[in-house]
Amino acid sequence: MRKIIVFEHLSLDGVIQAPSGKNEDVSNDFEQGGWTAPFQHPEIGQVIREWMQEDCSLLLGRKTYEQWSSYWPLHPDIWPVADHAMKYVATRHTPPILWQPTTYLNQPTSELTRLKQQDGPPLHVWGSSQLVHTLYQADLIDELRLILYPVIIGSGKRLFPDNGMTPITWNVTKRHTFDNGVLIACYERDRN
């Protein structure tokens, strides 16, 4: 059985929008892009690089896929796994395939329920806020890997939807704190 693992940079107030760069995601007039920059730390980078070396398929929302397809194929030296991994893209449309191999999921909840029953590597979700909301509401997330930064952004896309949430219990599996106040915490879904 395959797992769905969500990876997110997260502010104290739950914002995940544009953590890495000013122009990463300016939707809804978001002006706080690049908010993780003051907290860069070699050990945090090492953890992220270790995650990037794990065998996986990528599960992405359409916007993240479109952004990544113009970047990661040009940087296989940084993230070689991403280039050859199967990319599953949740979308209501069927745009041109920009990055091979790619499969579009037009009915993500039912298609992912079926995919999770198959053999294969875990499905890694990076960013993709709308997709994460869909996965959470369908109780399809098996693991969360969160990098929590000691900053409040005030507005922006959040990790979980504001309403319609069903309580779900998680167990901490790993945690690491850094001297700059950043916390990495990994959680597994408690299905008991």
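As annotated in an unreviewed UniProt entry, the protein chain is Dihydrofolate reductase family protein from Exiguobacterium acetylicum.

Participant: Before we go on, may I ask you to explain the overall build of the protein chain in this structure?
Facilitator: When helices and strands are counted, the protein chain shows five helices and eight strands. Put simply, the protein chain runs from its N terminus to its C terminus through helices and strands in the order β-α-β-α-α-β-β-α-β-α-β-β-β. By the compact-globule yardstick of 16 Å for 192 residues, the protein chain fits well, its C-alpha radius of gyration being 16 Å. Across its three principal axes, the protein chain shows a C-alpha extent of roughly 45 × 40 × 30 Å. Counting across all 192 residues of the protein chain, residues that qualify as buried make up 46%. In the protein chain, the proportion of contacts linking residues at least 24 apart, taken out of those at least 6 apart, comes to 70%. Split by element, the accessible area of the protein chain, about 10,100 Å² in all, is 50% carbon and sulfur.

Participant: How should I be thinking about the side chain of Ser 128 in this particular structure?
Facilitator: Structurally, Ser 128 can be placed in the loop between strand 5 (123–126) and helix 5 (129–137). Classification of Ser 128 by relative accessible area gives buried; the value is 8%. The residues touching Ser 128, leaving out its near neighbours within four places in the chain, are Leu 60, Gly 61 and Thr 64.

Participant: Would you mind going over the sheet that holds strand 5 with me for this structure?
Facilitator: Within a sheet, adjacent strands bond to each other through the backbone by hydrogen bonds, running parallel or antiparallel. With mixed pairing, eight strands are arranged side by side in an open sheet as 4-3-2-5-1-6-8-7. A single partner strand is all that each edge strand has here, and the edge strands are strand 4 (102–105) and strand 7 (170–177). This sheet shows a mean twist of 20° between the axes of neighbouring strands, independent of strand direction. Across six bridges, strand 6 (residues 143–149) lies against strand 8 (residues 183–189) in antiparallel orientation. Residue Leu 146 lies in a different strand from strand 8, and its bridge partner there is Ala 185. Relative to the sheet, helix 4 (residues 108–116) contacts strand 1 (4–11), strand 2 (57–61), strand 3 (87–90), strand 4 and strand 5, its axis offset from that of strand 4 by approximately 125°. Seen against the sheet, helix 5 touches strand 1, strand 2, strand 3, strand 5 and strand 7 and runs at an angle of roughly 105° to strand 2.

Participant: Which parts of the structure should I look at to understand the pattern of salt bridges?
Facilitator: Two side chains bearing opposite charge may form a pair once their charged atoms approach each other closely. Going through the model one piece at a time under the given rule, you end up with 11 salt bridges. In this structure, Asp 25 and Lys 157 form a salt bridge, with 2.7 Å as the shortest nitrogen-oxygen distance. Residue Asp 25 is found in the loop between strand 1 and helix 1 (42–52), and its partner Lys 157 is found in the loop between strand 6 and strand 7; the two are separated by 132 residues along the sequence. Note on Lys 157: relative accessible area 21%, which makes it partly exposed. For Arg 191, the salt bridge is made with Asp 139, and the minimal N-O distance between the two is 3.3 Å. Of the two residues, Arg 191 is situated in the segment after strand 8 and Asp 139 in the loop between helix 5 and strand 6; the sequence distance between them amounts to 52 residues. Relative accessible area serves as the criterion here: at 43%, Arg 191 is assigned to the partly exposed category. For Asp 139, a relative accessible area of 27% gives the class partly exposed.

Quick notes on the rules
- Residues numbered from 1 in each chain as written.
- Predicted model: local features only at pLDDT ≥ 70, side-chain atom pairs only at ≥ 80, totals over all residues.
- Heavy atoms only, no water.
- Helix = DSSP H or I, 4+ residues; strand = E, 2+ residues; numbered from the N terminus.
- Rg over C-alpha atoms; globule rule 2.2 N^0.38 Å.
- Buried < 20%, exposed > 50% of the residue type's maximum accessible area, 1.4 Å probe, protein only.
- Contact = heavy atoms within 4.5 Å.
- Areas by Shrake-Rupley, 256 points an atom, 1.4 Å probe, with all protein chains shown as cover.
- Pairing = 2+ DSSP bridges.
- Axes fitted to C-alpha atoms, helices over the stretch in contact; angles between N-to-C directions.
- Salt bridge = Lys/Arg side-chain N within 4 Å of Asp/Glu carboxyl O.

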